[in-house]
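Read off the chains here:
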Amino acid sequence: MNDRHPAPGNRRREQNPAYGLLQPIFFGYTVNAPLTTAQGIERDTGLWDRGMALLEREFSLLPMERRDELAALLAEVGRLKEELLSLSDAAEGSTICAACGGACCRVGRYHPTPLDLLAFHAAKEIPVVPDFASGVCPFLGPAGCGIAPSKRPFTCVIFICDLIEERLSGDEVTRLHQVEEELRLLREQTATRFGRLLTRSLLLEMERSDRVGDRFLH
Ligand code: SF4
């Protein structure tokens, strides 16, 4: 146990500060250690590709009106994520993260949710491609996170480490809490309206052996 405490965004324990890492706690699941064996890489790549293909197909099959509605909600989610990250950047978040080397990103492969990833389809952009052979987060590159702030996983954007948080003013922390609450609410509303699985980990959902017939979008 270290001296870290739950970040403002950790009220529902999306991260486990006991590790000092951005380690999500997925209730009812066992989170496997990163697999960097050839077999593990192949397995994760296959699960990811199948999940992304399912998402693309389900999104394309939505009636136009619902697709537009979802795209509008995702655009607003993206705007809130950008605002959260810009608050962290104002406290030199990017510099601190670069110097740290992404210690909080070790289990990042489980962070992207269908909701995070649908933002690429809604914006008609090519989705991010993971590198499961890296041994760390498959989205972490030499210049930091390879996912644009507006599409970065929710779990990642709400985590503010102590080094960053202690540089924020009282007003900035208050604003951070407000934006996080707005983001949380909007995600929940979107999941209620479009599918309960949207806020789960894509990779963990694809690992489920009982997910036959389960759809991400309804
Ligand atoms: S997606 Fe980006 S911010 Fe999130 S764990 Fe991976 S590298 Fe870190």
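Draft legend 1. Summary view of the overall build of the chain. When helices and strands are tallied, the chain shows eight helices and two strands. Each helix and strand of the chain, placed in order from N terminus to C terminus, yields the pattern α-α-α-α-β-β-α-α-α-α. Across the 218 residues of the chain, 36% fall into the buried class. Across the chain, the fraction of contacts at a sequence separation of at least 24, relative to all contacts at a separation of at least 6, is 76%.

Draft legend 2. Spotlight on the site of the ligand. Around the ligand sit 13 residues in total, of which Cys-105, Gly-108, Cys-137, Cys-145 and Cys-156 are the nearest. When grouped by side-chain class, the residues that make up the shell around the ligand number nine nonpolar, three polar and one charged.

Draft legend 3. Up close: the nonpolar core. If you look at the biggest cluster of nonpolar residues, it comprises 45 residues, and the most contacted ones within it are Leu-74, Leu-84, Leu-117 and Leu-118. Counting residues per element, the ones that place at least two in this core are helix H1 (38–61), helix H2 (64–90), helix H4 (114–122), helix H5 (154–157), helix H7 (170–194) and helix H8 (202–207). Per-element accounting of this core gives the leading share, seven residues, to H2. Residues within four places of Leu-117 in sequence aside, it is in contact with Met-52, Leu-55, Pro-112, Pro-127 and Leu-202.

Draft legend 4. Main features of the environment of Thr-95. Following the sequence through the fold, Thr-95 ends up in helix H3 (residues 93–100). Given 11 C-beta atoms within a 10 Å radius, Thr-95 is considered exposed. Residues Thr-95 and Ile-164, 69 residues apart in the sequence, show an inter-C-alpha distance of 9.9 Å.

Draft legend 5. Spatial organisation of unusual backbone geometry. Non-glycine residue Lys-124 carries a positive phi angle of around 55°. Looking at the element boundaries, Lys-124 is found in the loop between H4 and strand S1 (140–141). When the 7 C-beta atoms within 10 Å are taken as the criterion, Lys-124 is described as exposed.

Draft legend 6. Looking closely at the environment of Glu-76. Here Glu-76 is to be found in helix H2. C-alpha of Glu-76 to C-alpha of Leu-183: the two residues are 107 residues apart in sequence and 8.6 Å apart in space.

Calculation notes
- Residues numbered from 1 in each chain as written.
- Predicted model: local features only at pLDDT ≥ 70, side-chain atom pairs only at ≥ 80, totals over all residues.
- Helix = DSSP H or I, 4+ residues; strand = E, 2+ residues; numbered from the N terminus.
- Buried ≥ 20, exposed ≤ 12 C-beta atoms within 10 Å, placed from the backbone.
- Contact = placed C-beta atoms within 7 Å.
- Near = placed C-beta within 6 Å.
- Nonpolar A, V, L, I, M, F, W, Y, C, P; charged D, E, K, R; others polar.
- Core = buried A, V, L, I, M, F, W, Y, C linked by C-beta atoms within 7 Å.

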